[in-house]
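Observations on chain architecture
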Amino acid sequence: MSPVSIIDAIYRLFLKRCLFGCDAERAHRMTLRMLAAIPAFTPPRDGPELGIKLWGIDFPNPIGLAAGMDKDAVAIRGWEMLGFGFAELGTITPRPQAGNEIPRIWRVPERRALINRLGFPSKGMEAVAPRIKRIRKAGISIPLALNFGPNSDTPPEGIAADYSALIERLGPLADFIVINVSSPNTPGLRTWESPEKMSELFAAVREHTSESARGRPVLLKISPDLERNDLFRICETALALGIEGIVACNTTVAREVVGVSSPHPGGLSGRPILIRTRELIRDIYTHTRGQIPIIGVGGIASAEDAWLHIRAGASLVELYTGLIYEGPALVARIKSGLADLLRSGGFRSISEAVGIDR
Ligand SMILES: Cc1cc2nc3c(=O)[nH]c(=O)nc-3n(C[C@H](O)[C@H](O)[C@H](O)COP(=O)(O)O)c2cc1C
């Protein structure tokens, strides 16, 4: 029995019941603590057909951890052990902040969804930097993305300076960077998704960061609540600005339209956003003629979900909510299912399948 199957058996036999019996945020904290405490073991090597190279970075497989799960980079080794091909850590803010008042995460189990209005609780960049340095020194086999957001008390004229400070301090520690302008829980953040504001932001960030800090690919994380025309304008702006990739997508503020009724405010994730995410991926892929790599994130809970995001145009995929409902063996299951789907479809690699359903 592999270490992951043992962890999974423990999860299915009693841990899931115990965690689901707690408030969602407490369960999240306990999960991170347990993951950080597991003695390190080497995960099995992935088959070469699952590997993919993007921006000069080798990904052992295309399944990544989505931002939000490990905001302060406390369980990096755990993500590697569960078999993820990369992990996106954050959202990290420049200064520490507490986020919104509790309660701020709710489960919607009948829809295999979560709602959160966390508002970027973060220990801040100075707390995260030494953790990543330490893990890099010890050696890590998967790429690490760092996801950046501004502090909630930063006025609009200081937003570019917040992103610049993050890039300057943490950029050199990242394999790639994700600029998060799409969280629904930081008032005003999504206004930076507009092409005009985006151009202003990227110009200011480029001006205020050193070349060495900027040497990493920079991706933009977008919201699922964009109108189609706005999405197309964002794609054109991303191409014009030389943005290296798009992460589609963050949580949605929609409810009825995705079949969820809930009194809780905030961003909805999980199964209800699966189809919307796939539409976005296909639209971005088609509109950019595959020129910008896409990380598809939203609703993935099986190999088939990941496969269809890839076929719609995603070169990499990520998940968060699926892990909560399906448990720690999900990543291994998706990888083995993807290898089967590749084989049965006659594909020799993931990149051959990217965008074939466009
Ligand atoms: C509790 C929670 C916290 C999140 N926090 C962040 C965050 O800090 N930054 C971010 O870019 N996305 C955040 N997300 C969004 C996820 O990264 C992802 O885009 C979204 O949940 C859709 O993927 P999923 O359906 O697999 O969960 C969060 C999601 C959840 C459920």
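Predicted, not measured: the structure shown is a model, and the values here were computed from it. Position numbers for residues count from 1 along each chain, tracking the sequence in the order it is written. Two thresholds apply to this predicted model, a pLDDT of at least 70 for residue-level local features and 80 or more for giving and counting side-chain atom pairs, whereas whole-chain, interface and lining totals are computed over all residues.

1. A few points about the overall build of the protein chain
- Strands are runs of DSSP state E lasting at least two residues, helices are runs of H or I lasting at least four, and both sets are numbered from the N terminus onward. Scanning the protein chain from N- to C-terminus turns up twelve helices and 13 strands.
- Its C-alpha atoms give the protein chain a radius of gyration of 19 Å, near enough to 21 Å, the size a compact globule of 358 residues would have.
- Its C-alpha atoms put the protein chain at 55 × 45 × 45 Å along the principal axes.
- Sorting the 358 residues of the protein chain into buried and exposed places 48% on the buried side.
- A sequence separation of at least 24 residues applies to 76% of the contacts in the protein chain between residues at least 6 apart. Radius of gyration here uses only the C-alpha atoms, and the compact-globule reference equals 2.2 Å multiplied by the residue count raised to the power 0.38. Note on burial: count the other C-beta atoms lying within 10 Å of the residue's C-beta; 20 or more is buried, 12 or fewer is exposed, in between is partly exposed, and C-beta positions come from the backbone. With C-beta atoms placed from the backbone, a contact is any residue pair whose C-beta atoms sit within 7 Å.

2. Let's talk about the site of the ligand
- For each residue, a C-beta atom is placed from the backbone, and the residue is labelled near a molecule or strand when this atom is within 6 Å of it. Taken together, 27 residues lie around the ligand, and Ala66, Gly68, Ser269, Tyr320 and Thr321 are the ones closest in.
- Residue assignment for the shell around the ligand shows that the elements contributing at least two residues are β6 (113-116), β11 (267-270) and α10 (321-326).
- Residue composition of the shell around the ligand, grouped by class: eleven nonpolar, 14 polar and two charged. For this classification, Asp, Glu, Lys and Arg are treated as charged, while Ala, Val, Leu, Ile, Met, Phe, Trp, Tyr, Cys and Pro are nonpolar and the rest, including Gly, are polar.

3. Some remarks on helix α1 (residues 3-20)
- Residue Arg12 marks the point of greatest curvature in α1, where the axis turns by about 55 degrees.
- Among the residues of α1, Val4, Ile7 and Asp8 are the ones counted as buried.
- In this fold, the buried residues of α1 make contact with α11 (330-345). To get the bend at a given residue, fit one axis to the seven residues ending there, fit another to the seven starting there, and take the angle between those axes.

4. Section: the nonpolar core
- Counting residues in each nonpolar core, the largest one holds 103 residues, and the members touching the most others are Ile177, Ile246 and Val317.
- For this core, the element with the highest residue contribution is helix α5 (residues 159-170), accounting for seven residues. In this usage, the nonpolar core is the set of buried Ala, Val, Leu, Ile, Met, Phe, Trp, Tyr and Cys residues whose C-beta atoms join them within 7 Å.

5. What about the sheet that holds strand β9 (residues 218-222)?
- Here eight strands make up a closed barrel; going around it, the order is β3-β4-β7-β8-β9-β10-β12-β13 and the pairing parallel. Averaged over neighbouring strand pairs, the angle between their axes works out to 25 degrees when direction is ignored.
- Both strand β10 (residues 245-248) and strand β12 (residues 294-297) contribute to a ladder of three bridges, which runs parallel. If you follow Ile246 over to β12, its bridge partner there is Ile294. We call two strands paired when DSSP finds no fewer than two bridges between them. The axes used here are C-alpha line fits, helices contributing only the stretch in contact, and every angle between their N-to-C directions lies in the interval 0 to 180 degrees.

6. Concerning α11
- Compared with the 22 Å implied by 1.5 Å per residue over 16 residues, the 22 Å span of α11 between its first and last C-alpha is a close match.
- Those residues of α11 that fall on the buried side of the exposure criterion are Leu330, Val331, Ile334, Lys335, Leu338 and Leu342. For α11, the angular spread of buried residues about the axis comes to 130 degrees, placing them on one side. Among the exposed residues of α11, those pointing more than 90 degrees away from its buried face are Asp340, Arg343 and Ser344.
- Packing partners of the buried residues in α11 comprise β3 (63-65), α9 (303-312), α10 and α12 (350-353).
- Following α11 by one or two positions, Gly346 adopts a phi angle in the positive range, close to 80 degrees. In this analysis, the expected span of each helix is defined as 1.5 Å times one less than the number of residues it contains. Here the arc refers to the set of directions running from the helix axis out to each C-beta atom.

7. Some words on the sheet that holds strand β5 (residues 105-108)
- The antiparallel open sheet is built from three strands, whose spatial order is β5-β6-β11. Only two strands of the sheet have a single partner each, and these edge strands are β5 and β11. Ignoring strand direction, the axes of neighbouring strands in this sheet form an average angle of 25 degrees.
- Judged from the four bridges that link them, β5 and β6 form a sheet pairing that is antiparallel. Directly across from Arg107, in β6, lies its bridge partner Leu114.

8. Description of the pairing of β10
- Burial along β10 is two-sided: Gly245 and Val247 facing one way and Ile246 and Ala248 facing the other are all buried.
- With four bridges connecting them, β9 and β10 associate as parallel partners. For Lys221, the partnering residue across the bridge sits in β10 and is Val247.
- Taking the sense of rotation as the criterion, the β-α-β connection linking β9, helix α7 (residues 228-241) and β10 turns out right-handed. By definition, the crossover connecting two strands over a helix is right-handed if that path, from the first strand to the second, turns clockwise as seen with the strands pointing away from the viewer.

9. Structural notes on unusual backbone geometry
- Cis geometry is found at the peptide bond from Gly90 to Thr91, where omega equals 10 degrees.
- Looking at where Thr91 falls in the secondary structure, it is placed in strand β4 (residues 86-92).
- Going from Ile102 to Pro103, the amide bond is cis rather than trans, its omega being 0 degrees.
- Within the secondary structure, Pro103 is located in the loop between β4 and β5.

Function-wise, these values are silent; they only describe arrangement.
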